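Listed below are the residues making up each chain.
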Amino acid sequence: MASWFKTVAIIASTVPWAGGAASAAQCGHSGAGFESWKQQFAEEARGRVGAAGIAALMTTHYNPATISADRGQRSFHLSLDQFLAKRGGSVIASRGRSLKQSNAALFASIEQRYGVPLGPLLAIWGMETGFGAVRGNQHMLSAVATLAYDCRRSDYFTDQLYAALKLVDRGVFSAGTRGSMHGEYGQTQFMPKSILQYGTGNLDSAAGALTSTANFLKAHGWKAGAGYQQGQPNFAAIQGWNAATVYQQAIALMGRQIDGGESAQR
């Protein structure tokens, strides 16, 4: 068996079509190889991405702050109580209860169309950007390109980078669009690939972002009228939004507090 694998490896190294993976842009662990990677990626992207997207790619730079943020997500390792305290859970729930009154017509139309109640939508909005107050000021394409180049999660962010470049081609993004540390964008912080799949309007506006978020949750199995606490049918849709268990639990809890008022208990 060992000699058979060795023979296959030798043949693969000499046959042009068998070495496609080897010619792919090589990931790295520091900024030293980023410019070379960018040139390789641009060559691979031609044909999949238009001229505007390629031109935007060439404006990107390696962003050490993005790498630092990606390595330092310690809050996801906190207990639920610690996480809520750190992220201001009580403030989010209180503000959410106020906003549900002032935006009642918007939330009613969203729930009628998508079946998603306002509680989890407001919880996500508050958790992600403080209800639109903090949306990030990073060069969005550089953040995504940095993580596509970085070896830790290269495959995932390569998909995100292709999506971001397609959004440039469509005029949704520009080369200078600003976003968050991982390339999240808008009032509820959509990743580029999710914008392509689930975006329904202007993500810089509350209405567009919340409608898109409801569309995302519905596409991930949200069932109108079903519960969304842990162990209930719609919790899986919240899991689709963010992979961190403590984040999911926090959204479900704050959503219930917003939907049920101040008396809602865990």
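Residues numbered from 1 in each chain as written. Predicted model: local features only at pLDDT ≥ 70, side-chain atom pairs only at ≥ 80, totals over all residues. Heavy atoms only, no water.

### Concerning the packing of aromatic side chains
This structure, assessed with the given rule, holds 16 aromatic pairs. Relative to phenylalanine 216, the ring of phenylalanine 190 lies with its centre 6.3 Å away and its plane at 90°, an arrangement referred to as edge-to-face. Of this pair, phenylalanine 190 sits in the loop between strand 2 (178–179) and helix 11 (192–198) while phenylalanine 216 is found in helix 12 (residues 206–219), placing the two residues 26 residues apart along the sequence. Note on phenylalanine 190: relative accessible area 1%, which makes it buried. In this structure an aromatic cluster arises from ring pairing among Phe34, Trp37, Phe41, Tyr62, Tyr149 and Tyr162. For the cation-ring pair, arginine 48 lies above tyrosine 162, with the distance from its terminal atom to the ring centre recorded as 3.6 Å. (Phe/Tyr/Trp six-rings, centres within 6.5 Å; stacked < 30°, edge-to-face > 60°. Helix = DSSP H or I, 4+ residues; strand = E, 2+ residues; numbered from the N terminus. Buried < 20%, exposed > 50% of the residue type's maximum accessible area, 1.4 Å probe, protein only. Lys NZ or Arg CZ within 6 Å of the ring centre and 35° of its normal.)

### Considering the packing of helix 8 (residues 118–129) against helix 14 (residues 245–260)
At a minimum axis distance of 7 Å, the contact between helix 8 and helix 14 shows a crossing angle of 125°. Judged on the interaxial angle alone, helix 14 and helix 8 are oblique. Judged by the sense of rotation from one axis to the other, the crossing of helix 8 with helix 14 is right-handed. Touching Leu118, Gly119, Pro120, Leu122, Ala123, Ile124, Met127 and Glu128 of helix 8 are Tyr247, Ala250, Ile251, Met254, Gly255, Ile258 and Asp259, all from helix 14. Partitioned by chemical class, the residues of the contact of helix 8 with helix 14 number eleven nonpolar, two polar and two charged. (Axes fitted to C-alpha atoms, helices over the stretch in contact; angles between N-to-C directions. Parallel < 35°, antiparallel > 145°, perpendicular 65-115°, else oblique. Left-handed = near helix turned anticlockwise from the far one by under 90°. Contact = heavy atoms within 4.5 Å. Nonpolar A, V, L, I, M, F, W, Y, C, P; charged D, E, K, R; others polar.)

### Things to note about the nonpolar core
General note: in soluble globular proteins, nonpolar side chains tend to be found buried as a group. Of all hydrophobic cores here, the largest spans 71 residues; its most connected members are Trp37, Phe41 and Leu161. When residues in this core are grouped by element, the largest group, eight residues, is from helix 14. Look past the residues within four positions of phenylalanine 41 in its chain and what remains in contact with it is Ala25, Leu57, Thr158, Leu161, Tyr162 and Leu165. (Core = buried A, V, L, I, M, F, W, Y, C linked by side-chain atoms within 4.5 Å.)

### Observations concerning the confidence of the model for the protein chain
The share of residues in the protein chain with pLDDT of 70 or more is 89%, and the mean pLDDT across the chain is 89. Put simply, helix 1 (residues 2–14) is where the protein chain has its lowest mean pLDDT, 33, and helix 9 (residues 140–149) is where it has its highest, 98. Taken as a whole, residues 1–23 scores under 50 in pLDDT and shows four contacts with residues more than four places along the chain or in a different chain. Across residues 262–266, where pLDDT falls below 50, the model places ten contacts with residues more than four positions away in sequence or in other chains. (pLDDT = per-residue confidence, 0-100.)

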